[in-house]
Amino acid sequence: MGRGFAFWHSSDKKKQTQTTPTVKASVKDFVGSTDLPRVEMPAMVRLPNRSHSHSAHGVVGNTVVGIGGIGVGSTKSILSRINHPPLDYDKPFSNYEGETRRRVLIVGAGFAGLSAAIACVRQGFETIVLERSAGLSPHGDAISIGPNAAKIWERWGLGDEMWDRSAQGTAWHFMDGQGRHLRDEDLRSYREKYGGPLLQGHRAQFLGALGTECRFLGVQIRLSCEVVEYFDEEMAPAVRTKEGEIIEADVILVADGVNSMAKQLLSLRGIGNCDSKLCLDPKYSIYRAAMKSKAMAADPYLAHLLDGCARTWIGEDWHAMITPMDKNRQIAFYVSRKQNSTNASLNWRDHKPVSEALEGAKNWDPVLVAAIGKFQTCLNWSLPCRPTNLTQNWISQGGCICLIGDAGHGMTPTSFQGGSTAIEDGASLAVILSLAGEHSWSVPLALRVYGELRQNRVAEIVQMGWEQRVAWHSYPTTRDPKHLKLLATKYYPHDAELHAITQFEMVARTIEPRFRVEGKAFSATLKRTGLEGKSSVPSQNASATPTFF
């Protein structure tokens, strides 16, 4: 497949235009409010060559991509960013308005996909996101973003917004199944210890903030765009959409989730090293739900749960968690226990009566039972089987298609790192692609380095998630204090962008000994990440030997 494939459907060629139409875009597209002024935004035009307009901000064809209904920040902050978009490209977008570099195509608009999009556009890449659904997902409930990912968001300028949407708790309390205190995890010390906070929040709100950031930075987000075929050609990867459109790129990052269709489509092209179909655990699942906290706040028996602090109850072969979100305006629960999980699913619309989650809860803490009873319905969510191969291949035979996030490494909730590692994936990949340069062989080399740098860490975290559940569920029998430890804290100090910058060349030279990072590329990448001048960043090529963790 050559470069003849361009970014438009063949039947639309007669409709091409060199003009830039104007789209009326309401702030309602961001926050669902009708009391805000309207602004004019230029629309993206798909031209018959590789060039494109940087004047568009998240416009798809003539449709403005909105995040309405889930709320991504205060009206004041949203208006401020619309009236004063991030046009200071010198910090760190030094060449943002200049000729773009590679075209990066991302399939999926979850944490991995949107984080990769933000990181790639910060490095000056033309970035396109294809999402099969009609909008950024409003589904989901609580998610923990560890300091290892929160520090990246802060570097991207999203720290205040994400913190504003989090629980802002000071502690994580652990109790036994009857509610007796076991231990506390002090969250106030996390910034000093790990370089960032722990963010407990709502999945949809965090995703909404990432989607809005993509819009401001000029990422094309194409909704209702399902990929049905991948062309794994060396130097010219492409996808075919359900509508028959061929979209070509220099590199394709597949972030289509734990039930990855791409893994099945690419199973004969080197992806996976095992059965490409998702294996689900027949013994364990989790009941989960989220709701507004008004009913909880009105109940004197339960109102103390809205103090920003996460709480985990640990019983014999079960555990449960309740956490506030969004500065206590919302609250979520989940229960994980051993059971026959044949009625579990990965369908966000497959609601179950909350009574199912409380089966066998006769001897549970009455506070926990009463709190769960406030929810009307819940999901019985399937969990992946324990992987037999922790170092699956994420890169296709053609060398230019790569799985990221849950598509490459699904995790159990007890890892508390699923979203965080997805963010790390996107952040590190953008740095690696930037350092690899613009040669014809740069993308295959970059993806191989990415695999080398990420797989050991990710494999350890996947394994840790299983070990955490075993430790907690065995505590009532062993009473070993070590079984109460939060194992994820081991992975909090990591900085994925910094690690990629300091280790890239040494790892690349284990693959291609003649390779050298150009000094200009090294300096520009540092600047674009916001790490330039940081005391933790060594001079170019300071590492004597590569480290893979």
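Report follows, based on the coordinates. Because the structure is a prediction, the values reported are computed rather than measured.

Regarding its fold elements, the protein presents 14 helices and 22 strands. For the protein, buried positions account for 58% of its 549 residues. In the protein, 75% of the contacts between residues at least 6 apart in sequence involve partners at least 24 apart. Of the roughly 22,300 Å² of accessible surface on the protein, a fraction of 50% belongs to carbon and sulfur atoms.

Right, let's get into the sheet that holds strand S15 (residues 251–254). Hydrogen bonding along the main chain pairs the strands of a sheet, whether they run parallel or antiparallel. With parallel pairing, the five strands of this open sheet are ordered in space as S11-S6-S5-S15-S22. The two strands at the open ends of the sheet, each matched to only one other strand, are strand S11 (220–222) and strand S22 (401–403). When strand polarity is set aside, the average angle formed by the axes of neighbouring strands in this sheet is 20°. Note: S15 against S22, three bridges, orientation parallel. Residue pairing in the sheet places leucine 253 in a bridge with cysteine 402 of S22.

All right, on to the pattern of salt bridges then. Counted by the stated rule, this structure contains 25 salt bridges. Close ionic contact of arginine 222 with glutamate 245 constitutes a salt bridge, the shortest N to O distance being 2.8 Å. In this pair, arginine 222 is assigned in strand S11 and glutamate 245 in the loop between strand S13 (238–241) and strand S14 (246–248), connecting sequence segments 23 residues apart. Each member of the pair, arginine 222 as well as glutamate 245, is classed as buried. Note that aspartate 307 is salt-bridged to arginine 311, the shortest N-O span being 2.8 Å. When its relative accessible area of 36% is taken as the criterion, aspartate 307 is described as partly exposed. What makes arginine 311 buried here is its relative accessible area of 8%. Each of Glu424, Asp425, Arg454 and Arg457 takes part in salt bridges that share partners, so that together they form one network.

This part is about the nonpolar core. Residues Trp153 and Tyr230 are the most contacted members of the largest nonpolar core, which totals 116 residues. For this core, the element with the most residues is helix H12 (residues 442–478), which contributes 14 residues. Among residues more than four places away in sequence, those in contact with tyrosine 230 are Val107, Ala238, Val239, Ile252, Val254, Ala262, Leu265, Leu266 and Ile401. If you look at the next biggest cluster of nonpolar residues, it comprises 25 residues, including Met296, Trp318, Phe333 and Ala357.

Taken as a whole, this structure holds 13 aromatic pairs when the rule is applied. Aromatic side chains tryptophan 172 and phenylalanine 416 sit 5.1 Å apart centroid to centroid with 85° between the ring planes, which places their arrangement in the edge-to-face category. Placement of tryptophan 172 in strand S8 (residues 171–176) and of phenylalanine 416 in the loop between S22 and helix H11 (418–436) is noted, with a sequence separation of 244 residues between them. Phenylalanine 416 carries the same exposure label as tryptophan 172, and that label is buried. The ring of tryptophan 381 carries the charged tip of arginine 288 above its face, separated from the ring centre by 5.2 Å. In this arrangement the basic side chain of arginine 469 is found over the ring face of tyrosine 284, its NZ or CZ atom lying 3.6 Å from the centre.

Calculation rules
Residues numbered from 1 in each chain as written. Predicted model: local features only at pLDDT ≥ 70, side-chain atom pairs only at ≥ 80, totals over all residues. Heavy atoms only, no water. Helix = DSSP H or I, 4+ residues; strand = E, 2+ residues; numbered from the N terminus. Buried < 20%, exposed > 50% of the residue type's maximum accessible area, 1.4 Å probe, protein only. Contact = heavy atoms within 4.5 Å. Areas by Shrake-Rupley, 256 points an atom, 1.4 Å probe, with all protein chains shown as cover. Pairing = 2+ DSSP bridges. Axes fitted to C-alpha atoms, helices over the stretch in contact; angles between N-to-C directions. Salt bridge = Lys/Arg side-chain N within 4 Å of Asp/Glu carboxyl O. Core = buried A, V, L, I, M, F, W, Y, C linked by side-chain atoms within 4.5 Å. Phe/Tyr/Trp six-rings, centres within 6.5 Å; stacked < 30°, edge-to-face > 60°. Lys NZ or Arg CZ within 6 Å of the ring centre and 35° of its normal.

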